[in-house]
Amino acid sequence: MTVGPWSLLAIAFAATYSWRVLGVLVARRIDTDMAIFEWFGCVTYALVGGLMFKAIFFATSELATVPLIDRGLAFAAGMAIFTLSKRSVGAGFVGGVAVFAGLALWRLGGV
Amino acid sequence: MPDKAAVFLRGARDCIGAPALALAAALTGYGVMARDNGLDLTVTVVSVLSLWGLPAMMTYAELVGASSGPVLMAVTIALINIRTLPMVVAALPLVRNGRQLKWTHFIYAQFISPTNWAQIAAKQGELSAPERPPYFLGFSLVMWLCVSLGTVIGYEYGVALPAFMGLTLLFLTPFFVFLMMSTGHRSGGRWAVVIGVVLVPLAMFISAEWGLLIGGISAGTIGFFLGRKAPSVET
């Protein structure tokens, strides 16, 4: 059985809004430093980080037409700037995207 | 009594600029990606406003693109967005006016995101308790408008852009989210990302249906215990 995007969105919304409602209800009674929240944080970092890494390097989208070396260079440059700039998302983001755009422009014969 | 309309407009004005631009750019990439995954425009915009968080949105688009089932969607999004619980717990006292539970708190809860939470936290000293709700709503409504606009622009015009720009938009959003996932203050979170980039794609190749969850939970748990073994105080 195939479930359409709207039904899947309703499910996704229910899954996320229930946490928000629960957050409102327990706001005064919960200790957010509990180890279980740290574990959930780690699972999110791993799951979403891994999924995004896959979306970049094992892309099924148009991104797959970009040579792997270009994606790797842009990614590495962005992460290097991020690390050297005391973990500034803005700096790493601009650096990585600039390298990617530059390489894409060069490959497509724009310069 | 504060002039609510003036405080609301002040919140709106504070959002116009860097926060709105950065979010609109990231969401332009989401628009391109959602179209690439076969979503229509309405469902794409509604997904932005209802899920209200890039990690969940990107995961939603990828899972729809991969024709995943409802159970995988529910479990994955619930796991990813459980982080909204402590966020709401931490942010609500900064947003509400008084401790008594009101129905409006359930609306504020939907608006809360890391961006406006950081903003309202930074403005704590400047705003009196009755000024917080209108300021927060003004800031958040501009956020809603900008991210919706960014999404529509990406979706509608992403294909009309010069090829190198279209490709860059497809790279930009997953890279931005990846960077956000790398900002964990504790070493456990950092280990989790490093192990996740290996385990998650590997597990997904082995099982297209459950690999994401199995890889994510395994890598997160290993990272969590590595972090416990060598706690880091680095920020």
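Since we're looking at a predicted model, the values are computed, not measured.

What to know about the overall build of chain B
Alright, step 1. Counting its regular elements, chain B contains twelve helices and zero strands.
Alright, step 2. The order of helices and strands in chain B, counted from the N terminus, is α-α-α-α-α-α-α-α-α-α-α-α.
Alright, step 3. The C-alpha radius of gyration computed for chain B amounts to 19 Å, which stays within 12% of the reference 18 Å derived for 235 residues, consistent with globular compactness.
Alright, step 4. Buried positions account for 56% of the 235 residues belonging to chain B.
Alright, step 5. Taking contacts inside chain B between residues at least 6 apart in sequence as the whole, the part at least 24 apart equals 74%.
Alright, step 6. A total of about 9800 Å² of accessible surface is found on chain B, and carbon and sulfur atoms cover 70% of it.
Alright, step 7. Looking at chain B, you have 14 positive and 10 negative side-chain charges, and the mean spots of the two groups are 14 Å apart.

Comments concerning the interface of chain A and chain B
For an interface, size is often stated in terms of accessible area lost upon the parts coming together.
Alright, step 1. Chain A puts 66 residues into the contact, and the matching count from chain B is 85 residues.
Alright, step 2. Carbon and sulfur atoms make up 80% of the area that chain A and chain B hide from each other, which totals about 7100 Å².
Alright, step 3. In terms of surface lost to chain B, no three residues of chain A exceed Trp-19, Arg-20 and Tyr-45 of chain A, which account for 11% of the buried area on that side.
Alright, step 4. For the pair chain A and chain B, the interface holds two salt bridges.
Alright, step 5. As a salt-bridge pair, Glu-38 of chain A and Arg-186 of chain B come within 3.0 Å of each other at their nearest N and O atoms.
Alright, step 6. On the surface where chain A and chain B come into contact, there are eleven residue pairs in polar contact (both at pLDDT 80 or more).
Alright, step 7. Elements represented by at least two residues in the side of chain A that touches chain B include exactly helix H1 (5-26), helix H2 (35-57), helix H3 (68-84) and helix H4 (89-107) of chain A.
Alright, step 8. When residues in the side of chain A that touches chain B are grouped by element, the largest group, 20 residues, is from H2 of chain A.
Alright, step 9. Counted by class, the side of chain A that touches chain B contains 48 nonpolar, eleven polar and seven charged residues.

Looking at H4 of chain A
Alright, step 1. In this model H4 of chain A runs 27 Å from its N-terminal to its C-terminal C-alpha over 19 residues, within 8% of the 27 Å that 1.5 Å per residue would give.
Alright, step 2. Turning to H4 of chain A, its buried residues number three or more, namely Val-89, Gly-92, Phe-93, Gly-95, Gly-96, Val-97, Phe-100, Ala-101, Leu-103 and Ala-104 of chain A.
Alright, step 3. Along its buried surface, H4 of chain A packs onto H3 of chain A together with helix H10 (163-181) of chain B.
Alright, step 4. Among the residues trailing H4 of chain A, Gly-109 of chain A stands out with phi positive, at a value near 80°.

Some words on the confidence of the model for chain A
Alright, step 1. Overall, the prediction assigns chain A a mean pLDDT of 88, with 94% of residues at 70 or greater.
Alright, step 2. Element-level mean pLDDT values for chain A span from 88 in H2 of chain A up to 96 in H3 of chain A.

Structural notes on the packing of H2 of chain A against helix H4 (residues 54-65) of chain B
The description of two packed helices rests on the angle between their axes and on the distance between the axes.
Alright, step 1. Contact geometry of H2 of chain A with H4 of chain B gives a least axis separation of 11 Å together with a crossing angle of 55°. Considering the angle they form, H2 of chain A stands oblique to H4 of chain B. Of the two elements, H2 of chain A crosses H4 of chain B, and the hand of that crossing is left-handed. Two secondary-structure elements touch here, H2 of chain A through Val-48, Leu-51, Met-52 and Ala-55 of chain A and H4 of chain B through Pro-55, Met-58, Thr-59 and Glu-62 of chain B.

Here's the deal with the packing of aromatic side chains
Alright, step 1. A complete count under the given rule lists 16 aromatic pairs over all chains for this structure.
Alright, step 2. Ring geometry for Phe-93 of chain A and Phe-176 of chain B: centres 5.3 Å apart, planes at 65°, overall edge-to-face. With Phe-93 of chain A in helix H4 and Phe-176 of chain B in helix H10, the pair connects residues from two separate chains. For the pair Phe-93 of chain A and Phe-176 of chain B, one class covers both residues: buried.
Alright, step 3. Aromatic pair Tyr-108 of chain B and Phe-136 of chain B: ring centres 6.1 Å apart, planes at 75°, arrangement edge-to-face. Taken as a pair, Tyr-108 of chain B in helix H7 (residues 104-111) and Phe-136 of chain B in helix H9 (residues 132-157) lie far apart in primary sequence, 28 residues in all. Of the two residues, Tyr-108 of chain B and Phe-136 of chain B, neither departs from the other in class, the shared state being buried.
Alright, step 4. Every member of this aromatic cluster is reached through a ring pair, and the members are Phe-53, Phe-57, Phe-75 and Phe-100 of chain A together with Phe-171, Phe-175 and Phe-178 of chain B.

Here is what the cut-offs are and how they apply
Residues numbered from 1 in each chain as written. Chains lettered and ligands numbered in written order. Predicted model: local features only at pLDDT ≥ 70, side-chain atom pairs only at ≥ 80, totals over all residues. Heavy atoms only, no water. Helix = DSSP H or I, 4+ residues; strand = E, 2+ residues; numbered from the N terminus. Rg over C-alpha atoms; globule rule 2.2 N^0.38 Å. Buried < 20%, exposed > 50% of the residue type's maximum accessible area, 1.4 Å probe, protein only. Contact = heavy atoms within 4.5 Å. Areas by Shrake-Rupley, 256 points an atom, 1.4 Å probe, with all protein chains shown as cover. Lys, Arg positive; Asp, Glu negative; His and termini not counted. Charge placed at Lys NZ, Arg CZ, Asp CG, Glu CD. Buried area = accessible area lost by both parts, 1.4 Å probe. Salt bridge = Lys/Arg side-chain N within 4 Å of Asp/Glu carboxyl O. Polar contact = N/O pair within 3.5 Å; in protein donor to acceptor, adjacent residues only side chain to side chain. Nonpolar A, V, L, I, M, F, W, Y, C, P; charged D, E, K, R; others polar. Expected span 1.5 Å × (residues − 1). pLDDT = per-residue confidence, 0-100. Axes fitted to C-alpha atoms, helices over the stretch in contact; angles between N-to-C directions. Parallel < 35°, antiparallel > 145°, perpendicular 65-115°, else oblique. Left-handed = near helix turned anticlockwise from the far one by under 90°. Phe/Tyr/Trp six-rings, centres within 6.5 Å; stacked < 30°, edge-to-face > 60°.

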